[in-house]
There are 2 protein chains.
Amino acid sequence: MATKYVFAFGNGKAEGKADMKELLGGKGANLAEMSGLGLPVPPGFTITTEVCTYFYDHDQTYPAELKEQVIAALKHVEKIIGAKFGDPHNPLLVSVRSGARASMPGMMDTILNLGLNDAVVEGLAVKTNNARFAADSYRRFVQMYGDVVMGASSEGFEHLIDEMKRERNVRLDTELTAEDLKELAARFKRRIADDLGTSFPDSPEEQLWGAIGAVFRSWQTPRAIEYRRLHAIPAAWGTAVNVQAMVFGNMGEHSATGVGFTRDPSTGEHRFFGEYLINAQGEDVVAGIRTPQPINIAAKTDAAQLSLEEAMPESYRQLDGITQKLEAHYRDMQDIEFTIQEGKLWMLQTRNGKRTAAAAVKIAVDLVNEKMIDQKTAIKRVSASHLDQLLHPTIDPQARREVIAKGLPASPGAAVGKAVFSADDAWEWHNRGEKIVLIRLETSPDDIKGMAVAEGILTARGGMTSHAAVVARGMGKPCVAGCHDLAVNATKKECAAGSITVREGDWITLDGATGEVMAGALPTVTPELTGDFGTFMGWVDGVRRLGVRANADTPHDAEVARRFGAEGIGLCRTEHMFFEGDRIDAVREMILASDVEGRKQALKKILPMQRKDFVGIFRAMDGFPVTIRLLDPPLHEFLPHTDKDIAELSQVTGVSADQLRRKRDELHEFNPMLGHRGCRLGITFPEIYAMQVQAIMEAACELTAQGVKVIPEIEIPLVGHVHELKMLRTICDKVASEVIKHTGTDVEYLLGTMIELPRACVVADEIAHAADFMSFGTNDLTQTTFGFSRDDAGSFLGEYVERHILPVDPFVSIDRGGVGKLMKMACDLARKTKPDIVIGICGEHGGDPSSVMFCHELGLDYVSCSPYRVPIARLAAAQAVLK
Amino acid sequence: MATKYVFAFGNGKAEGKADMKELLGGKGANLAEMSGLGLPVPPGFTITTEVCTYFYDHDQTYPAELKEQVIAALKHVEKIIGAKFGDPHNPLLVSVRSGARASMPGMMDTILNLGLNDAVVEGLAVKTNNARFAADSYRRFVQMYGDVVMGASSEGFEHLIDEMKRERNVRLDTELTAEDLKELAARFKRRIADDLGTSFPDSPEEQLWGAIGAVFRSWQTPRAIEYRRLHAIPAAWGTAVNVQAMVFGNMGEHSATGVGFTRDPSTGEHRFFGEYLINAQGEDVVAGIRTPQPINIAAKTDAAQLSLEEAMPESYRQLDGITQKLEAHYRDMQDIEFTIQEGKLWMLQTRNGKRTAAAAVKIAVDLVNEKMIDQKTAIKRVSASHLDQLLHPTIDPQARREVIAKGLPASPGAAVGKAVFSADDAWEWHNRGEKIVLIRLETSPDDIKGMAVAEGILTARGGMTSHAAVVARGMGKPCVAGCHDLAVNATKKECAAGSITVREGDWITLDGATGEVMAGALPTVTPELTGDFGTFMGWVDGVRRLGVRANADTPHDAEVARRFGAEGIGLCRTEHMFFEGDRIDAVREMILASDVEGRKQALKKILPMQRKDFVGIFRAMDGFPVTIRLLDPPLHEFLPHTDKDIAELSQVTGVSADQLRRKRDELHEFNPMLGHRGCRLGITFPEIYAMQVQAIMEAACELTAQGVKVIPEIEIPLVGHVHELKMLRTICDKVASEVIKHTGTDVEYLLGTMIELPRACVVADEIAHAADFMSFGTNDLTQTTFGFSRDDAGSFLGEYVERHILPVDPFVSIDRGGVGKLMKMACDLARKTKPDIVIGICGEHGGDPSSVMFCHELGLDYVSCSPYRVPIARLAAAQAVLK
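Our subject in this report is the structure included herewith. (Residues numbered from 1 in each chain as written. Chains lettered and ligands numbered in written order. Predicted model: local features only at pLDDT ≥ 70, side-chain atom pairs only at ≥ 80, totals over all residues. Heavy atoms only, no water.)

1. Comments concerning helix 20 (residues 555-563) of chain A
Residues spaced three or four apart along an α-helix point in a common direction, a consequence of the helix completing one turn every 3.6 residues. Residues and elements named next belong to chain A. Spelled out, the test is: For every residue, the accessible area (1.4 Å probe, protein chains only) is compared with the maximum for its type, and the residue is labelled buried under 20%, exposed over 50%, or partly exposed between those bounds. Elements are defined by DSSP. Helices are runs of H or I of four residues or more, strands are runs of E of two residues or more, and each kind is numbered from the N terminus. Think of it as the arc spanned by the lines of direction from the helix axis to the C-beta atoms. The contact criterion used is simple: two residues touch if any of their non-hydrogen atoms lie within 4.5 Å.
Taken as a whole, helix 20 has its buried residues at Ala558, Val560 and Ala561. Here the buried residues of helix 20 occupy an arc of 160 degrees about the axis, which is enough to place them on one side. The inward-facing, buried residues of helix 20 abut strand 27 (547-551), strand 28 (569-573) and helix 23 (596-620).

Laid out in structure tokens, this is it:
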């Protein structure tokens, strides 16, 4: 039997279903599902994603069977509609759209009004009794097809339109007559032939195949590739192509087109929410060129607005009913598109709606309360990576807001950054380490790269469903859209709101929840984690197996971590305890000392300060374990490097500048990442680790005596050979037992190591003999496994990801194929020695959902991440169980 | 049954045998063997190495059974000798010596004349009828025991001797009377009691246990530890203790002591070779204080010398017979020690003699020719690491030698270096990257560290068997010993030979084969590799399985490599092809170019030069494979770094200094080892690799057309992910096929990769899909596996090895436990994909015998090393088969 490449739908029936997204794409599967539900869907058919795969595997050709199947499906559509593709007397027009497994809004090509030529346009005029509509459709089609399929310059078309308007001495497009528009279509065709040396295809069938090919080809445009990279969508998935009978929202005042959500995608509030435009085609709404009207009376913000509920009450009621039916059917909030053609409602699309994290949580909790879904389904409904938005600070309510402009609250959260006016500038400033806010008249897919690095996005045009708004919500970034008060001048790199001008580099603050724009950098506060969020996280914690700790170096961080639900500290770095305040002087004194005694003297000054640090951290983590990593960075990081700083230090210490320079040069390293650091320091200067252990244990004993439950875990960094660990363990155990003896308070402590070198992974069985616990330091492990310096890899890593040499930046998500293999080996070997050894992970991967899933698969005991990412890790850990 | 801790020997019998070295140590096993052969060996017994292990495992105490066993063995000795330990009327005196499994000359303690006290010394005087001898023995014993066992200051004793000589108004020790010497012994004892608060033990039994303990303790002195570190002797082996009846070479003119070799240890010549001293104790010969006489007439270099053959012809004949018997018994060249006590010959030791590499080869070949051993045994007899000496240059015979002094040719080879006068200075200069020659009056075990880093050693005192000579031969370093013409002033850091003064830092040249010393740095030439060496290496090649290639970057290196027997080039680095001559200008032009076209223009200039390089290398390797590694180092290595150099480049190129500085800063890396290098360069600048492949293939095609057999292997460095290799393979294959098409000459080439990152090891199965061959780059693999930067690890790696954290420097010998595990994994995975994939190793481990053995075990196809180490690798590969 020949492979089925084409699936038809329409007239209350369909060959496909919602669960066939892999084959039909999201749009195709849902069109089939809607049609199968008996909803009014324009008939059509879907060409499967398998054809896309075939297309790229076979030098951009199609399987032999395809042609026949398309022709048959088209005949089926003709039969339902009662019109004929290419028939001048009773023409069927179609749209050709992409539809991948995952939604990629605006990323790929669409062709509308396909099937028109000089003969058919006349028939359409007769059939619709609307010559101007027919001619305008023709003009639009030639322009769109010329641009998208044939690759003609779109400016060229605009130029011809302007020329025509000058000739006709009119100002607006709408003033052009049917004849003018037909003439324009003819001029477009001539321009195409002249520019490209190919004539515009008059045969509707040829047009159809051209459009199908263009959609498949658009799967590999740079912007589609960039989008997939950002959203981790595999190139191998491919796109389907949907060919569907055209319906027209632009056939006059009884026609309209719109989009909607069954619940508010920003807040999750349960109300039908949407926008529409009378006498418009679908792309007009999302393109953000005309500002759409609210769909119902409840959503009106201004009495002058005209809602669909008011303008076309019958259609609105039918639409409202359909959306409720759809939500009940899919058991999730739906994002729908519809067109009303001369009073008749057509459903063009339904899909699970994108939403902010806040909305996702609220919708999930509400749906459970409404008994539509169970808790486990609810947990799966919230994207762990998007949760980030909820956890980021909002503007301090105490702060005085000087609002300079107000737009639509398109994506919630506070964004504070320096103003930039192009995606390229955004990228450049970001790479310099600046926080930036991207300000655009409106955004297009070309801006994605800039949006990805911005703290927030501000646009002067577009609605709540404009490109900027949709993409920003998807990225979990604050966005204020449609801020009409703002005059943006991208060329001069500035924008003006009334008398205030914001120039490139000026601080600006956005409130994505209110739409307010403020000059300057406003203070922010951490979010509330109660209400629906608290309920939801309770369910999450009931499901997950993996423990979640936080990386926290100070009592303050430790408190934040607890608030976010951290069950201990997985990594307390002690570096800052050597840098802060006056301590750096004692540290430098230690480094400059010529012998052990000198170093010990200097360390004695640091001891009480570090003890105090540990007291604060242990107190905040009462009852929870605290993993403390002994000093890790190379000593030269504590010395001044410039001649000026050296001169200053010389003044303070009385050590000659020459001597300081000699010490600096002596400690200089060619590859500090691979240098004299971590446990290597502990071995050559055991007195440093001894002081740290003394401070830790004195703090632990002091608090234990006060009734605080302290669980210290002393961690030796950068161990590669078990002898390193054994030697340092001896020193640490000795100091600890002295402190316990001296204070008379017994404190149980663990002593373990980071696993952050490939060698440590392959000898983890040996290391486990000397370690009570192990914690993967996947930052360094990734650096050494790949031989990538994180500080230097910027010069090629971006290209590696873009060109699919690596599927994802290995510093963002654990490289399962390489680093992950070493981790697995380490776990297996360590457990062979000590089946119950505690194994965790600290470092940034601990807050990355995909990496958390991997850690769950490895059977780790816990992940540890930055306090703000703790809820993300908790959710990812629960989702890993449900996967 | 109680463990047997003591093994007796003497009177033609023995409880031990030669093959019990692990238990009895080398000396003990051979004393037992000699005694068992019926040779005249002073009776004694050996306390096993197990006691040493017990001693260190049990807080320096002995097993309970030991005492009784020692007493029984001592009684046995008394019976054979017919004297009694501690009996004033018929006293037995004993020596107490160390003896480990491996020889550690001079490293551990020895006590002679043990068993004397104020009463016994009188009995000895009566028994020997030599009061002065008895008193002198007593004085020596108290001094030795006080120093070695009790830890009294040896200068203190010298001071008392000087004082006594002043009191007696004499100049020489020999002028002191028996009474003086007894008085001296008494003063020594008082000084010991005063200084240490412990009185000298008068009980012979107490003396014996004190000496046994001292020998065991000497196993862990810093100099013994250092020696073991240098010779990779495990601390766990422990030493045995040999207690043996004393015989005296210092009982007058009919007594003597000496050492000898059954063949010349320098040249391997088959002649009895040795030195002796009349009226002396054994330590006098090796200490180099008196210059010994040749053992036979044939060895005399001066008519004034008196050989043993002349002085004591009967003893000489007996000795000559015994040595021949011993060599036939052991089937190897023997190193013997003997003493003649009043005309009676006693054998004190025999062992396989240390020898130079040249001697080792000659002796091995001669023994095969003499049908004493077979070829396989011969192969095992030559130490691969010592072969080095044979392969290093000797002084160019054309060079004009201005000999400033002449000493003994103690260890062959030419040494050219800057003069230093202490071990510490040697170490310091060496660490600065200087080649040095160590000049000492005489060397002691404290100098080992300095000798290890010297190009050669020059001493003013000592014979062919002095400390300097023995150690230098062991290390395979050139040595001129006993150069009496030289006045060495270590304090002033200079030495004088006649009117010529050599100061620290002055160049000096030694010829270890002639004993000549020359001022200045003389040119050297490569050695002849024919004769015995050629015969021997022929046997080696017949046995080994592993291929041996060389690392060679130039036609000249390639020729040298072929001469040393390399079967191809395993690593041809191409870096220098970008640096040399004018090329650097074009390379800089390439780096400074702003686009691909600019880079291509610059590369075009380099292409013909590189093609010429490859033509030369391919021609030299006619018929053998040549692995060419494409460009590896980061581009910033090709730019000037100092402001001065930048200014110069600015002048030449017309590019502003500012722009050059910006480029330099832009390319600066924090960890260049982990930066933008290797295949990462090839991916971002594919035009560079394309140019290199074009040059390689054009050269290959040109020569193939001329009838040369060219086997190019193109190697992509630093691959971590198979996608890197696949992408670059596509580019390289395209260029290669274009060249083949263009030239019309078909050349088969392989394309493969270095395996030098941990990730590459764990995904070798994937990489093997895209690689025709793989070559381990164990330098980088060691760096990344350990997280050690080779450039920076100096600050701790020495300590790591000294403190046994690592058994050996992993940059010298492959770390089997970690790096080796990854290599094994890579081999297994790669062969799973491609069972016949060619796997080799390049880099310095390829010339390290222990690493070569490991590579044999892994089943690699070849090792590749520097041309001069090719014979070493060949030998190690053969020995791996025979192991």
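2. Describing the packing of helix 27 (residues 686-705) of chain B against helix 28 (residues 722-743) of chain B
Residues and elements named next belong to chain B. Put simply, the test is: Every axis corresponds to a line fitted to the C-alpha atoms, with the helix fit spanning only the stretch in contact, and the corresponding angles, defined between N-to-C directions, vary from 0 to 180 degrees. Here is the rule for handedness: rotate from the far helix to the near one, and if that takes an anticlockwise turn smaller than a right angle the crossing is left-handed, while a clockwise turn gives right-handed. When residue character is reported, Ala, Val, Leu, Ile, Met, Phe, Trp, Tyr, Cys and Pro are called nonpolar, Asp, Glu, Lys and Arg charged, and the others, Gly included, polar.
Two elements in contact, helix 27 and helix 28, have axes separated by 9 Å at closest approach and are oriented at 35 degrees. Crossing handedness for the pair helix 27 and helix 28: right-handed. Note on element contacts: helix 28 touches helix 27 through Leu728, Ile731, Cys732, Val735, Ala736, Val739, Ile740 and Thr743, opposite Pro686, Tyr689, Ala690, Val693, Gln694, Met697, Glu698 and Cys701. Of the residues in the contact of helix 27 with helix 28, the class split is 13 nonpolar, 2 polar and 1 charged.

3. Observations concerning the sheet that holds strand 8 (residues 239-245) of chain A
Residue and element names in this part refer to chain A. So the rule is basically this: In this analysis, strands are considered paired if DSSP registers two or more bridges between them.
Taken in spatial order, the 6 strands make up an open sheet running 2-1-3-8-6-7, and their pairing is antiparallel. What marks the edges here is a single partner per strand, and that holds for strand 2 (13-14) and strand 7 (110-114). The sheet contact formed by strand 3 (residues 44-47) and strand 8 spans 4 bridges and is antiparallel. Residue pairing across strands places Phe45 opposite Val243, the latter belonging to strand 8. Packing of helix 1 (residues 21-36) onto the sheet brings it into contact with strand 1 (6-10), strand 2, strand 3, strand 6 (94-100) and strand 8, and relative to strand 6 it is tilted by some 120 degrees.

4. With respect to the pattern of salt bridges
Residue and element names in this part refer to chain B. Put simply, the test is: Salt bridges are counted wherever a side-chain nitrogen of Lys or Arg sits within 4 Å of a carboxyl oxygen of Asp or Glu.
All chains considered together, the criterion is met by 117 salt bridges over all chains. Residues Glu15 and Lys4 are paired through a salt bridge, measuring 2.9 Å at the closest nitrogen-oxygen approach. Of this pair, Glu15 sits in the loop between strand 2 (13-14) and helix 1 (21-36) while Lys4 sits in the segment before strand 1 (6-10), and the two are 11 residues apart along the sequence. Two residues, Arg187 and Glu167, come together in a salt bridge whose shortest N-O distance is 2.7 Å.

5. Overview of the nonpolar core
Put simply, the rule reads: Here, nonpolar core refers to any group of buried Ala, Val, Leu, Ile, Met, Phe, Trp, Tyr and Cys residues whose side-chain atoms link them within 4.5 Å.
Judged by nonpolar contacts, the single largest core of 466 residues is most densely connected at Val96(A), Phe776(A), Val96(B) and Phe776(B). Here Val96(A) is in contact with Asp109(A), Thr110(A), Ile111(A), Leu114(A), Leu208(A), Ala211(A), Ile212(A), Val215(A), Val241(A), Asn242(A) and Val243(A), once residues within four sequence places are set aside.

6. Describing the side chain of Glu78(A)
Residues and elements named next belong to chain A. Using the following cut-off: Positive charges come from Lys and Arg alone, negative charges from Asp and Glu alone, with His and the N- and C-terminal ends not counted.
Assignment of secondary structure puts Glu78 in helix 3 (residues 66-81). Notably, Glu78 is buried but unbridged: the nearest opposite-charge side chain belongs to Lys84, and the N-O separation is 4.1 Å. Ignoring sequence-local partners within four residues, the contact set of Glu78 consists of Ala83, Lys84, Phe85 and Leu92.

On their own, these measurements won't tell you what the molecule is for.
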